[in-house]
Amino acid sequence: MVFDTLDPQLPVIRSMVREFAEKYVEPEAKRIDGENIISRELLSRLGEMGFTSMRVPEEYGGPGFTLLETSVVAEELSRSSSGVGILATVSGDMVAYPLVEYASEELKEKYLTKLASGGIGAFALTEPCCGSDAASLTTKAVRDGDEYIITGRKTFITNSVYADFFLVAARTGKPEDRHRGITLFVVDRSDCTEVSKLEMMGYRGSGTGEVLFNECRVPAGNIVGEEGIGFKIAMMALNEGRIVTASTGLGVAQAAFEEALKYAKTRKSMGKPLIDHQMVASHIADMAVKLEAIRSIIYTAAWKADQGDPDYIRMASIAKYSAAKWGNDIVRLALQVHGGFGYSKESKVERLYRDIKMIEIGDGTNEIQKLVIVKALTGKVKPFRMTAK
Ligand SMILES: Cc1cc2nc3c(=O)[nH]c(=O)nc-3n(C[C@H](O)[C@H](O)[C@H](O)COP(=O)(O)OP(=O)(O)OC[C@H]3O[C@@H](n4cnc5c(N)ncnc54)[C@H](O)[C@@H]3O)c2cc1C
């Protein structure tokens, strides 16, 4: 693959993660889905491998993976368990990346090293009132001397069940300021935070929950970036996040494809293996084409982001949308190839079918991705850098 030539570490990382996932994640995957929880032992192993701190630079104790490398880790972990894959990507990218890019040195020292030593972070933007319309969020941060008092409710927050700290988008300005009145804070898990686990349809085990911030006092120094630019930072985190979230969907689709191919080669109908029936073979070919297309788009998006090419924002939404659209096609066909067994709780594709739907919703819905793509095509999307303010 061309990307293995561009980054010779890529095949090494892929085989290292696959070996880890097959040994420690795959045997746990069914239980994680059933019980909706990842064991403390597996969380520790993920931390030790650097999977929950992927983007943390080596100087803070992390592996310092590029976005392309992070995408491959997300793909390989999710091939075994989407819950594990998304846990790693949220902590290791969506939380780590804004801290690396925009936090003060003091915050980096404290929280990047925390991630590198196995701590887990969560990214808290969505609220019961508003997901797509995040600029309407209502969680408040009120200044009191050298501190802010944060009060509000966030929902669908991945990792919140396990998180040691949260990146929280809160309103420091007036509601009519919309996105300009939003600031990003680091908030430690403590007595003022209350997490209620949610029973989601797929990506189970990812510790997705509702989080109540009940008058949490945080030092002003816990602002990531500056007051009033939190929304822009959150959007940059989401742009990167779309690439790695898409990678988790790619891992799910890859697993479904492998299951379908295996089943089509062994299951017989009318005297011959399913794969020798032209219509089933056509399904398998269709899946293989879409899988390669998604992979190429995701890696291109990640490579562009790593190179600092501003076009990565358009590509990130294309990556997320293609993983959602074709990923769902792939898993649907994989279930179809399995017939009645695919529809039973005994089959692996039944879980993958529930999992893949998430890619059409989390990290910006399909509809929102299309809006971003068109905005980018009409020159209305600009990457944000604090220095360019
Ligand atoms: C498993 C899971 C994990 C998640 N993890 C996190 C997390 O870690 N952190 C976090 O902050 N959030 C997280 N989310 C929240 C997720 O980002 C939101 O659910 C998503 O952005 C959609 O927001 P919503 O649910 O409020 O739907 P709504 O915004 O209410 O949208 C409902 C429907 O209307 C459509 N719609 C809305 N506005 C428009 C528009 N302007 N144009 C066209 N169509 C529109 C949407 O596409 C959708 O189909 C997670 C969600 C899920 C399901």
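Treat the numbers as computed from the prediction; the structure is a model and nothing was measured.

### Observations concerning the site of the ligand
In the region of the ligand, 23 residues are neighbours, and Leu125, Gly131, Ser132, Thr365 and Glu367 sit closest. Counting residues per element, the ones that place at least two in the shell around the ligand are β1 (121–124), β3 (147–157) and α13 (366–377). Residue contributions to the shell around the ligand reach at least three from each of two domains, namely domain 2 (122–226) and domain 3 (231–378 + 383–387).

### Describing the environment of Gln369
Position of Gln369 relative to the elements: it lies in helix α13. Measuring from C-alpha to C-alpha, the distance between Gln369 and Glu199 comes to 26 Å, with 170 residues separating the pair along the chain. Sequence-distant contacts of Gln369, that is, excluding residues within four places in its chain, are made with Ser317, Lys320, Tyr321 and Gly364.

### Section: the packing of helix α10 (residues 312–337) against helix α12 (residues 348–356)
Angle between the axes and distance between the axes are the two parameters that describe a pair of packed helices. One can describe the packing of α10 onto α12 by two numbers: an axis separation of 9 Å at closest approach and a directional angle of 160°. In this view, α10 runs roughly antiparallel relative to α12, as classed from their interaxial angle. Crossing geometry of α10 relative to α12 is assigned as left-handed. Residues Gly327, Asn328, Val331, Ala334 and Leu335 of α10 pack against Val349, Leu352, Tyr353 and Ile356 of α12.

### Brief notes about helix α5 (residues 67–80)
The end-to-end C-alpha distance of α5 is 20 Å, a good match for the 20 Å that 14 residues give at a rise of 1.5 Å each. Burial within α5 is extensive, with 14 of its 14 residues counted as buried.

### Details of the domain arrangement of the protein
One can read the domain layout of the protein as domain 1 (2–120), domain 2 (122–226) and domain 3 (231–378 + 383–387). For domain 1 and domain 3, the distance between their C-alpha centres works out to 20 Å. Contacts between the two partners involve 23 residues from domain 1 and, on the opposite side, 24 residues from domain 3. Elements supplying a minimum of two residues to the side of domain 1 that touches domain 3: α1 (2–6), α5 and α6 (82–102).

### Some remarks on the nonpolar core
Where a protein is soluble and globular, its nonpolar side chains tend to be buried together. Within the largest apolar cluster, 121 residues are counted, with the highest numbers of intra-cluster contacts made by Phe185, Ala256, Ile298, Ala301, Val331 and Ala334. Among the elements that take part in this core, helix α8 (residues 230–266) stands out by supplying 19 residues, more than any other. Sequence-distant contacts of Ala256, that is, excluding residues within four places in its chain, are made with Ile330, Val331, Ala334, Val349 and Leu352.

### Section: the pairing of strand β7 (residues 209–219)
Judged from the eight bridges that link them, β3 and β7 form a sheet pairing that is antiparallel. Looking at β7, one finds that Ile157 is bridged to Gly209. Pairing between strand β6 (residues 193–197) and β7: five bridges, direction antiparallel. Residue pairing across strands places Thr193 opposite Phe213, the latter belonging to β7.

### Remarks on unusual backbone geometry
Backbone geometry at Asn36 places phi at a positive 60°, although glycine is not the residue there. Relative to the helices and strands, Asn36 is located in the loop between α3 (29–35) and α4 (40–48). Taking the number of C-beta atoms within 10 Å as the measure of exposure, Asn36 has 19 and is therefore partly exposed. Positive phi outside glycine occurs at Phe156, with the angle close to 60°. Assignment of secondary structure puts Phe156 in strand β3.

### A look at the environment of Gln336
By secondary structure assignment, the location of Gln336 is in helix α10. The exposure class of Gln336 is partly exposed, given the 14 C-beta atoms found within 10 Å. For the pair Gln336 and His283, spaced 53 residues apart in sequence, the C-alpha separation works out to 9.0 Å. Among residues more than four places away in sequence, those in contact with Gln336 are His283 and Gly342.

Analysis parameters
- Residues numbered from 1 in each chain as written.
- Predicted model: local features only at pLDDT ≥ 70, side-chain atom pairs only at ≥ 80, totals over all residues.
- Near = placed C-beta within 6 Å.
- Helix = DSSP H or I, 4+ residues; strand = E, 2+ residues; numbered from the N terminus.
- Domains from an automatic or database assignment.
- Contact = placed C-beta atoms within 7 Å.
- Axes fitted to C-alpha atoms, helices over the stretch in contact; angles between N-to-C directions.
- Parallel < 35°, antiparallel > 145°, perpendicular 65-115°, else oblique.
- Left-handed = near helix turned anticlockwise from the far one by under 90°.
- Expected span 1.5 Å × (residues − 1).
- Buried ≥ 20, exposed ≤ 12 C-beta atoms within 10 Å, placed from the backbone.
- Core = buried A, V, L, I, M, F, W, Y, C linked by C-beta atoms within 7 Å.
- Pairing = 2+ DSSP bridges.

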